[in-house]
Amino acid sequence: MQKELSALSKKYLREGKVVSPLNDRVFKSLLSDPNCRGFLIELIHGITHIPKEYMEENLRIENVEHTINHVNEKRKISDMIVSFRGNMINLEMNQYYYEGIVEKNLSYAMKIQSDHILIGSSYAELNKTILINFDNYEKYGDELIIKFQLRDEKGRIETKNFESYHINLEKVKRMYYNRVELSKLEKEILLLSEENIKTLEEISKG
């Protein structure tokens, strides 16, 4: 994979571009790189508001291939999984929309949650599982970040052990090209969908 990315990177650099993190392989390589640990923590903090200090001490990269529990189960590989003190975060880069992508990613997150229930432990001790979707399309309107939880029709939360976020990459790209002043988090999100080197240098200043 690294050789393929290296060849692709050289081709793009000649064109004044980098291979965009919209590419699954680049997304995984970027966010799992030890040099990008600070960026990963900043990104997760900005989206979920989990304290940075808590993650800096405890965050670790997990295996992205899920265990297979029976012969008919489909192979499942997430884009990125991190954990801290029993809490699991599944990050997915969704370059294109297709019917079933939401259900697929939710099934991955549920699989992560079920795989990390230890034998002898209680469901009441279950830590939080968080799914963060970076969507290169607009499915849920014009909001930049949308948070989903299990609720009833009156808004009562059924459980706090699962959250799902959808990050609207199209929204932040539109904001930048319309010259809207971006916040630090908005710039960090934009970095995940931009491939022009000059643009990347401009938005990463400071």
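Figured I'd write up the structure that's included with this text. Since the structure is predicted, the reported quantities are computational estimates derived from the model, not experimental observations.

Looking at helix H2 (residues 24–32)
Since there are 3.6 residues in each turn of an α-helix, residues three or four apart along the chain are aligned in direction. For H2, the complete set of buried residues consists of Val-26, Phe-27 and Leu-31. The buried residues of H2 all sit within an arc of 115° when viewed along its axis, so they share a single face. N-cap assignment for H2: the residue whose side-chain oxygen lies 2.8 Å from the backbone N of Arg-25 is Asn-23.

With respect to the nonpolar core
Within the largest apolar cluster, 35 residues are counted, with the highest numbers of intra-cluster contacts made by Ile-89, Leu-91, Ile-132 and Phe-134. Per element, the largest residue contribution to this core is six residues, and it comes from helix H3 (residues 37–48). Those residues in contact with Ile-89 that lie beyond four places of it in its chain are Ile-44, Ile-50, Met-80, Ile-81, Val-82, Phe-84, Ile-130 and Ile-132.

Details of the pairing of strand E6 (residues 162–168)
With seven of seven residues buried, E6 is to be regarded as a mostly interior element. Neither face of E6 is exposed, since Phe-162, Ser-164, His-166 and Asn-168 on one face and Glu-163, Tyr-165 and Ile-167 on the opposite face are all buried. Strand direction decides the pairing type here: strand E4 (residues 129–135) and E6, joined by seven bridges, are parallel. Bridge assignment links Phe-134 to a residue of E6, and that residue is Ile-167. Two elements, strand E5 (residues 145–148) and E6, share four bridges in a ladder whose sense is antiparallel. Its bridge partner being in E6, Ile-146 is matched across the sheet by His-166.

Here we look at the side chain of Asp-79
Note that Asp-79 resides in the loop between strand E1 (60–61) and strand E2 (80–84). No salt bridge is formed by the buried Asp-79; the nearest opposite charge belongs to Lys-28, separated by 4.3 Å. Polar side-chain contacts of Asp-79 include one of 2.8 Å to the backbone nitrogen of Met-93.

A short note on the pairing of E4
Within E4, seven of the seven residues are buried, which leaves it mostly tucked inside the rest of the structure. Of the two faces of E4, the one lined by Thr-129, Leu-131, Asn-133 and Asp-135 and the one lined by Ile-130, Ile-132 and Phe-134 are each fully buried.

Examining the sheet that holds E4
Taken in spatial order, the six strands of this open sheet run E1-E2-E3-E4-E6-E5, and their pairing is mixed. The sheet terminates laterally at E1 and E5, the two strands that pair on one side only. Across the face of the sheet, H2 comes into contact with E1, E2, strand E3 (87–94) and E4 while running at roughly 145° to E3. Strands E1, E2, E3, E4, E5 and E6 of the sheet are contacted by H3, whose axis makes an angle of about 100° with E4.

With respect to helix H5 (residues 101–115)
Given a rise of 1.5 Å per residue, 15 residues ought to cover 21 Å, and the 21 Å separating the end C-alpha atoms of H5 matches this to within 8%. Of the positions making up H5, those classed as buried are Ile-101, Val-102, Asn-105, Tyr-108, Ala-109, Lys-111, Ile-112 and Gln-113.

Reading guide: rules and limits
- Residues numbered from 1 in each chain as written.
- Predicted model: local features only at pLDDT ≥ 70, side-chain atom pairs only at ≥ 80, totals over all residues.
- Heavy atoms only, no water.
- Buried < 20%, exposed > 50% of the residue type's maximum accessible area, 1.4 Å probe, protein only.
- Helix = DSSP H or I, 4+ residues; strand = E, 2+ residues; numbered from the N terminus.
- Arc of directions from axis to C-beta.
- Polar contact = N/O pair within 3.5 Å; in protein donor to acceptor, adjacent residues only side chain to side chain.
- Core = buried A, V, L, I, M, F, W, Y, C linked by side-chain atoms within 4.5 Å.
- Contact = heavy atoms within 4.5 Å.
- Pairing = 2+ DSSP bridges.
- Lys, Arg positive; Asp, Glu negative; His and termini not counted.
- Salt bridge = Lys/Arg side-chain N within 4 Å of Asp/Glu carboxyl O.
- Axes fitted to C-alpha atoms, helices over the stretch in contact; angles between N-to-C directions.
- Expected span 1.5 Å × (residues − 1).

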